[in-house]
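# Observations on the model geometry
Read off the chains here:
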2 protein chains.
Amino acid sequence: MPAPADFGQFIDDHADEFIKRLASAVAIQSVSSDPSRRDDVVKMAHWLEAQLQSYGVTTVLRDLGTHVEDGHELPLPPALLGSIGSDPSKKTVLIYGHFDVQPANKSDGWSTEPFELTEEQDGRLVGRGSTDDKGPILGWLNTLQYHFETKKELPVNIKFCFEGMEESGSIGLDALVIKEGQPGGWFEGVDCVCISDNYWLNTRTPVITYGLRGVSYYKIDITGPARDLHSGVFGGTIHEPMTDLVLLMSKLVDVKGKILVPGVYDMVTSADADEREIYERLDSSIAEIEEAAGGKIALSDSKVDVLMGRMRNPSLSLHGIEGAFYGGGAKTVIPAKVGGKFSLRLVPPMTPENITPLVTKYLEEEFAKLGSKNTLNVEFLHGGRPWVADMNHWNYEAAKEATRQIYQVEPDMTREGGSIPITLTFADTLGCSVVLLPMGRGDDGAHSTNEKLDKSNFLQGSKLLGTYLYELADVKK
Amino acid sequence: MPAPADFGQFIDDHADEFIKRLASAVAIQSVSSDPSRRDDVVKMAHWLEAQLQSYGVTTVLRDLGTHVEDGHELPLPPALLGSIGSDPSKKTVLIYGHFDVQPANKSDGWSTEPFELTEEQDGRLVGRGSTDDKGPILGWLNTLQYHFETKKELPVNIKFCFEGMEESGSIGLDALVIKEGQPGGWFEGVDCVCISDNYWLNTRTPVITYGLRGVSYYKIDITGPARDLHSGVFGGTIHEPMTDLVLLMSKLVDVKGKILVPGVYDMVTSADADEREIYERLDSSIAEIEEAAGGKIALSDSKVDVLMGRMRNPSLSLHGIEGAFYGGGAKTVIPAKVGGKFSLRLVPPMTPENITPLVTKYLEEEFAKLGSKNTLNVEFLHGGRPWVADMNHWNYEAAKEATRQIYQVEPDMTREGGSIPITLTFADTLGCSVVLLPMGRGDDGAHSTNEKLDKSNFLQGSKLLGTYLYELADVKK
Ligand SMILES: [Zn+2]
Ligand SMILES: [Zn+2]
Ligand SMILES: [Zn+2]
Ligand SMILES: [Zn+2]
C-alpha cells in the first residue's frame, strides 16, 4: 500500500509553512547541557506537545525527576509521550526523537544567527537543531498534518517518545522506556521502532542504518610521587609516571590502528566475500572519507577496509592524558599522577563486560613487565554495547521500499561507528526491530557550526517517513 | 686570615635586629610575576639600596627597560648595583642575589600569612622570600653592618648585583652583565663571583655547589586531520596523531630513565671510582630522596647512582601533551594536532646546540619507520647550557675553609640537577670562578607553601658569608 497519491504533493505545497514551523522550533534554544537554557528545553516540550495535540495525538508529559549539574540539582525536562490510533488490526510503530540541541554561539564561527533558521540560496536551512533532531521530528509532524487536514486515517497506530536530554546523556530515559514497556505501559503492543536521528554517508544516497558500534572507555592512572616534581631536581632519580604511562599507552594500538590487546580480534569474525560486497556497494570513497577528516590519512587504500574500519570492526583511540602538562610553552614538570584516557569501539559480540577483563589483564601484565616502582590503576569509565539488527526484518523492508519510492534508488545499508544508546534500550526492552531512518546528509554538521538541513532532504525526508508508515502497514510480519 | 674574633658574637648579639630586618624585607610583596605587584618589586629595590647606602656602599639603580606581560608593556624593576672598596691590593668579589619572590597566598595552604615573617618555636622563620633569596641577601647586609658599626675595613672589595626579575626569567640581566663586564663597566676588575641562592642537600650538612645541569626542551607536533574528530565516526579509518605521538614518545626514554636517543651517552664520560667516591661521601640517602619525592620510587638502590642521576648524568622527562584531551571525564575525541613536550637535562659537554640534531634526527627516523600518513614537526623550545666549575679553584677553597670554620664539617660538594642561568652568564661574561654558597636547608620549601629559613641557618649563614670574604682575602690566587 503506497501512500495516498496526493501525499507528496501536499508536502511540496506546504513547504513554506513547514519551513516556517522548523524556524519556530529552531528559535527555541533548547540546549540541554546549559542549565540556564533548561526552561527553553521545557518550553520546547510544550511547543511539541501542542503540535501533536493539534493533530489529534493523545499526549502526556512524563516527569523524569532531577539531576545534579555542577553541584546544583536541576529538574530534568519532561519526556513527551504520544499515541494516535489503537486499531488492533494495525501494526503499532514507536517513533523516537529528541527536541534538545547542542549549544551554539554565533561567535563559534556561525555565518548566521544559530537560532534563526536561515534559508540559503542553495536550499540549505541553516540553524541549530535543523538536522539534529528537530527537522526529523517535524517530518513526522508534517505527515500528521497531512492526515489531519485531509481527514485520512493513519495506516498504523503510532506511539511517540520524544526526549529533551539526548545531547546530555538521555538521563532518565532508560528507566522510562523500561517502565512504559511493561504490560499496561505506554509502549505496550509496539511492533517495531523507527528512529530518525542519524545521517547519510554522503550527500547523494539515502541510507538505512542497521548497526552501531559500542564503546568501552578507560583511564590508566599511574601514580608515584606525592606531588608534582621539578625535572631539574628529580629527572634521572625516580620512576616518572609519564614515562610509564606513555610506554603502556604505546602498547595498546599500533600505527595502523591494530588493537594490541590479546583476545580482542578472537571475538570478531572476519568478513567473508559476501560481507565485503556490502561495503563495496556503499556509495562512498576514500577521497570522501579523507575530505571529511580534512587530511589524506586513511589507514588503507581499500575503500572496503576503511568502511569496515568504521562500521564493523573494533577500533582503539587514545584521547589524552589527565594530570600531565597540557598548556602552551615549556613547563619542566614531572607530573605526580597521570591518567591516560582511551576507548575501544565495540562490535558484536564484544561488550564492555567481556572486553574490560582483557584490557585490564593486559595492562597489568605489561605494567608488571616494565618493572616500575610506580602504581597502576586501570579504571573503566563508561561503556555501551554494540547493536546490529537483522537488515531483512519486515521493519527494514518497509523502510527500504519507502526509500525506493521517494528516491528511486536502493538505500545504502550502513552501520555507524558511533553509538546511539537509546537504540539499544528500545531493542532490548521492547524486544522488537529498531530501524534508523535518517533524513539529513553526511555534511549536515550536526554538533558543529552552521548545522543545516537541505530543503530537499526536509521535504523528501518528510515524504519518506510518511511513506514508511504505509509500507509498514503493508509489509508481511 | 680568619674573620675578626668578635664577628660571630656580633651576629649572635644582633639576632633579633637581623630577624626584624628580614621581616621588613619579607613584608614587601616583591612578586615579579604579578604585574599588580610590580611597584612592590621597585619598592624592594629602593629598600635594599637604602640599606646598602647606610653601610657606605656606593649604589646605582640600572633601568632595564620594559617587557610585555599578557599583552601589556610593563617597566622592568631596576637592577641594583653596589660597590664598596677599591683597594687594588685586595681581591674583588661580585655578589649576586635577587630581591623578587614567588607568588604566595594564604589560601594556597600557608599556615601563617606568607608576607608576615613568623618565628616558630622550633626556630623556623616562615615567610615568602625568607630563604629565596631575601635571607641570603640580608646575610650580606649583616656582614656589612658589622664592619660599619665596628669601623672595620672589609678584607676584599665588593661589587653587588641584585635583581628583581629572577623568578620571572631574569629579563634584561644578561645584557646588563655583558655591558657592565666591559672595560669601564661596573664589574671591571672582578676576580670571582659568589651566589647564595640554592640549598643544602639535607637539613644537616652545608653545601658548596660547583655544577648545574643544562636543559634542552622540545615539542613533537603530529598533525593529520584538519579538525578534532569523533572516535565513533573516525576510529579505525584514519591515522590518529595521538597514536603516532605516543609511539614516538615511548621511544625517547625507558622505564629506568635511560635515554634512548642514540649518541647521547657517547657524549658523557662514565664516572670512575674517584668520581663515584665524591657521591658516596655526600650526606644523602635513598630514603631522603624518596621522602622528598613523596614515594618509594628511586630508580636505583644505589645512593651513588641516584645522586649521579640528579647531578652528573643527563636525563629525559616527558612533561605532557598539548592539544590532547586533558580534562576529567570521558571525551571521545581524536585530537587533530598534538604536541608532545619533553626535555633533556644536560651535562658537559652536552649543549642544546649539539643535542638538538641528535634528537631531531632520531625522531624523524623513528617517525619514518612508523609509516604514518600524519606529519611530524620537531620544535626546539628553549635551552640552557650546563655548567661545571673547578671545585679546587681558590674561590672554592675560600668557601670550603669558611664552611669548616663555621660548621666544623667538610662541606658536601654538589652539583645541582636544575639550572640557574645567571651562573653561566657570570662565568662566561666575566671569565672567572663562580661559587654557589647556599645559606638554607634542603627542606626550606622555596617556591612552595610555608617557605622558611631556620634561624640557625640565617645566623650561621651570615657568619659563613662574612668569613668567606676573609678567607677569600687570604687564599692564594
Ligand atoms: Zn541527535
Ligand atoms: Zn546530536
Ligand atoms: Zn632564588
Ligand atoms: Zn626562586
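Every value quoted in this text rests on a predicted model; they were computed, and no experiment measured them.

## Quick word on the pattern of salt bridges
Taken as a whole, this structure holds 59 salt bridges over all chains when the rule is applied. Among the salt bridges present, the one from A:Arg415 reaches A:Glu275, with a minimum N-O distance of 4.0 Å. One end of the pair, A:Arg415, is in strand E18 (residues 412-416); the other, A:Glu275, is in helix H8 (residues 273-281), with 140 residues separating them in the sequence. The same class applies to A:Arg415 as to A:Glu275, namely buried. A salt bridge links B:Glu366 to B:Lys369; the shortest N-O distance between them is 2.7 Å. You can see B:Glu366 and its partner B:Lys369 sitting in helix H11 (residues 352-370), 3 residues apart, about one turn around the helix. Residue classification places B:Glu366 among the buried positions, given a relative accessible area of 11%.

## Details of the relation of the copies chain A and chain B
You can overlay chain A on chain B at an RMSD of 0.2 Å; the transform is a turn of 180° with a shift of 0.2 Å along its axis. Look at the turn and shift together and you get a two-fold axis relating the two. Taking C-alpha positions as reference, the residue of chain A nearest the rotation axis is A:Val246, located at 2.9 Å. When the interface residues of chain A are mapped onto chain B, 100% of them are again interface residues, pointing to one common binding face.

## With respect to the coordination of the zinc ion (ligand 4)
Residue and element names in this part refer to chain B. The protein atoms that coordinate the zinc ion (ligand 4) are Asp132 (OD), Glu167 (OE), Glu167 (OE) and His447 (NE2), at distances spanning 2.0 to 2.7 Å. Taken together, the 4 donor atoms coordinating the zinc ion (ligand 4) and their angles of 53 to 136° define a geometry best described as irregular. Written as a sequence motif, the donor arrangement for the zinc ion (ligand 4) is D-x34-E-x279-H. Residue class for Asp132 comes out buried when judged on its relative accessible area of 5%. Classification of His447 as partly exposed rests on a relative accessible area of 45%.

## Considering the sheet that holds strand E15 (residues 337-346) of chain B
Residues and elements named next belong to chain B. The 4 strands lie next to each other as E13-E15-E11-E16, forming an open sheet whose pairing is antiparallel. Two strands lie at the open edges of the sheet, namely strand E13 (315-322) and strand E16 (375-384), each paired on one side alone. If you compare each strand with its neighbour and ignore which way they point, the axes differ by 20° on average. Relative to E16, strand E11 (residues 214-223) is paired through 9 bridges, and the arrangement is antiparallel. What sits directly across from Val215, in E16, is Gly384. Along the sheet, helix H7 (residues 241-249) makes contact with E11, E13, E15 and E16, crossing E11 at roughly 150°. Against the sheet, H11 makes contact with E11, E15 and E16, and its axis sits at roughly 160° relative to E16, the strand it touches most.

## A look at the coordination of the zinc ion (ligand 3)
All names here are of chain B. Protein coordination of the zinc ion (ligand 3) is provided by His98 (NE2), Asp132 (OD), Asp197 (OD) and Asp197 (OD), with donor distances spanning 2.0 to 2.6 Å. Taken together, the 4 donor atoms surrounding the zinc ion (ligand 3) define angles of 54 to 148° at the centre, an arrangement classified as irregular. Within one chain, the residues serving as donors to the zinc ion (ligand 3) are arranged as H-x33-D-x64-D. The distance between the zinc ion (ligand 3) and the zinc ion (ligand 4) comes to 3.2 Å, and Asp132 binds to both of them. Here Asp132 lies in helix H4 (residues 130-149) and His98 lies in strand E5 (residues 92-98), a separation of 34 residues in the sequence.

## Topic: unusual backbone geometry
Note on backbone geometry: most residues besides glycine have negative phi, and most peptide bonds are trans. In this model, A:Pro348 is joined to A:Pro349 through a cis peptide bond whose omega is 5°. Put simply, B:Asp132 and B:Asp133 share a cis peptide bond, and its omega is 10°. Tracing the sequence through the fold places B:Asp133 in helix H4. We note that B:Gln408 has phi near 55°; this positive angle belongs to a residue other than glycine. Summarising the element assignment, B:Gln408 is placed in the loop between helix H12 (394-407) and strand E18 (412-416). You can call B:Gln408 exposed: its relative accessible area is 63%. Within the chain, B:Asn450 stands out as a residue other than glycine whose phi angle is a positive 55°. Mapped onto the elements, B:Asn450 comes out in the loop between strand E19 (433-436) and strand E20 (452-454). A residue is classified by how much of its surface remains accessible, and B:Asn450, at 23% relative accessible area, is partly exposed.

## Some points on the interface of chain A and chain B
With 77 residues of chain A in contact, the opposing surface of chain B contributes 77 residues. Between chain A and chain B the total buried area reaches about 5900 Å² when both faces are included, carbon and sulfur atoms providing 58% of it. A salt bridge links B:Asp301 to A:Lys373; its shortest N-O distance comes to 3.6 Å. Joining chain A to chain B, the criterion identifies 40 residue pairs in polar contact (both at pLDDT 80 or more). Per-element accounting of the side of chain A that touches chain B gives the leading share, 8 residues, to strand E13 (residues 315-322) of chain A. Its residues placed into classes, the side of chain A that touches chain B shows 32 nonpolar, 29 polar and 16 charged.

What counts and how
- Residues numbered from 1 in each chain as written.
- Chains lettered and ligands numbered in written order.
- Predicted model: local features only at pLDDT ≥ 70, side-chain atom pairs only at ≥ 80, totals over all residues.
- Heavy atoms only, no water.
- Salt bridge = Lys/Arg side-chain N within 4 Å of Asp/Glu carboxyl O.
- Helix = DSSP H or I, 4+ residues; strand = E, 2+ residues; numbered from the N terminus.
- Buried < 20%, exposed > 50% of the residue type's maximum accessible area, 1.4 Å probe, protein only.
- Least-squares fit on C-alpha atoms with pLDDT ≥ 70 in both.
- Contact = heavy atoms within 4.5 Å.
- Donors = N, O, S within 2.8 Å, 3.2 Å for Na, K, Ca; no water.
- Tetrahedral: all angles 85-135°; square planar, octahedral: opposite > 155°, others 65-115°.
- Pairing = 2+ DSSP bridges.
- Axes fitted to C-alpha atoms, helices over the stretch in contact; angles between N-to-C directions.
- Buried area = accessible area lost by both parts, 1.4 Å probe.
- Polar contact = N/O pair within 3.5 Å; in protein donor to acceptor, adjacent residues only side chain to side chain.
- Nonpolar A, V, L, I, M, F, W, Y, C, P; charged D, E, K, R; others polar.

Spatial relationships are all this shows, so hold off on functional conclusions.
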